[in-house]
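Understanding the architecture of this molecule
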Amino acid sequence: MEKAQKSNGKIYAIIAAAAVAVVGIIVAVVLIINANRSKLIGKWLYEYGTWGYNFIDDDDGEYSVGEYSQKFTYKDNGDSVTIRYEGSDVDMTLNYRIEGDKLIVTDSFGSDTVYNRQ
């Protein structure tokens, strides 16, 4: 009887260790995937208006003004974003920073424009 209990205890310990390992691997994969995602992803609305950015995924987005929207592709460079609007062959690079739920974009004149996360 003691051998059966010791055997069962070892099996439970192995199963528990395997479960912990699987959970650890899943957590690591999720963290790695999210670490590589752009922190720009999401909708950002200008703080005093009805226009803003929607960074849909790591490559695509759109800029909307009321009912009108213009699609674009982008590359998040960490402290700047390079945008190419659909139908254009010219890239535009804008410096940005994120402070809490605010996206602060520096325009070509050096002025900050604030967008709030939606």
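About the thresholds
Residues numbered from 1 in each chain as written. Predicted model: local features only at pLDDT ≥ 70, side-chain atom pairs only at ≥ 80, totals over all residues. Heavy atoms only, no water. Core = buried A, V, L, I, M, F, W, Y, C linked by side-chain atoms within 4.5 Å. Buried < 20%, exposed > 50% of the residue type's maximum accessible area, 1.4 Å probe, protein only. Contact = heavy atoms within 4.5 Å. Salt bridge = Lys/Arg side-chain N within 4 Å of Asp/Glu carboxyl O. Pairing = 2+ DSSP bridges. Helix = DSSP H or I, 4+ residues; strand = E, 2+ residues; numbered from the N terminus. Axes fitted to C-alpha atoms, helices over the stretch in contact; angles between N-to-C directions. Phe/Tyr/Trp six-rings, centres within 6.5 Å; stacked < 30°, edge-to-face > 60°.

1. Description of the nonpolar core
Membership of the largest hydrophobic core comes to 16 residues, with the highest contact counts inside it found for Tyr 53, Phe 55, Tyr 74, Val 81, Leu 103 and Tyr 115. Contacts of Tyr 74, omitting those with residues within four sequence positions, involve Ser 38, Leu 40, Ile 41, Phe 55, Asp 57, Asp 58, Asp 59, Asp 60, Gly 61, Val 81, Thr 82 and Ile 83.

2. Thoughts on the pattern of salt bridges
The tally for this structure, following the rule as stated, stands at three salt bridges. Measuring nitrogen to oxygen at the nearest pair gives 2.7 Å for the salt bridge that ties Asp 91 to Arg 84. With a relative accessible area of 43%, Asp 91 lands in the partly exposed category. Across the pair Arg 97 and Glu 99 runs a salt bridge, and its minimum N-O distance is 2.9 Å. Among the charged side chains, a network of salt bridges with common partners joins Arg 97, Glu 99 and Asp 112.

3. So, the sheet that holds strand β6 (residues 92-99)
Pairing in this closed barrel of eight strands is antiparallel, and the strands run β1-β2-β3-β4-β5-β6-β7-β8 around the ring. Strand-to-strand twist in this sheet, taken as the mean axis angle between neighbours without regard to direction, amounts to 35°.

4. Describing the side chain of Asn 54
Residue placement: Asn 54 occurs in strand β2 (residues 51-55). Classification of Asn 54 as buried rests on a relative accessible area of 16%.

5. Remarks on the packing of aromatic side chains
Scanning the entire structure with this criterion turns up 11 aromatic pairs. Ring centres 6.0 Å apart and planes at 65° place the aromatic pair Tyr 46 and Tyr 115 in the edge-to-face group. On the criterion of sequence distance, the pair formed by Tyr 46 in strand β1 (residues 42-46) and Tyr 115 in strand β8 (residues 112-117) is long-range, its members being 69 residues apart. Judged by relative accessible area, which is 4%, Tyr 115 ranks as buried. An angle of 20° between the planes, with centres 5.4 Å apart, marks the rings of Tyr 53 and Phe 55 as stacked. Its relative accessible area of 2% is what places Phe 55 among the buried residues. Members of the aromatic cluster, connected to one another through ring pairs, are Tyr 46, Tyr 48, Trp 51, Tyr 53, Phe 55, Tyr 63, Phe 72, Tyr 74, Tyr 85 and Tyr 115.

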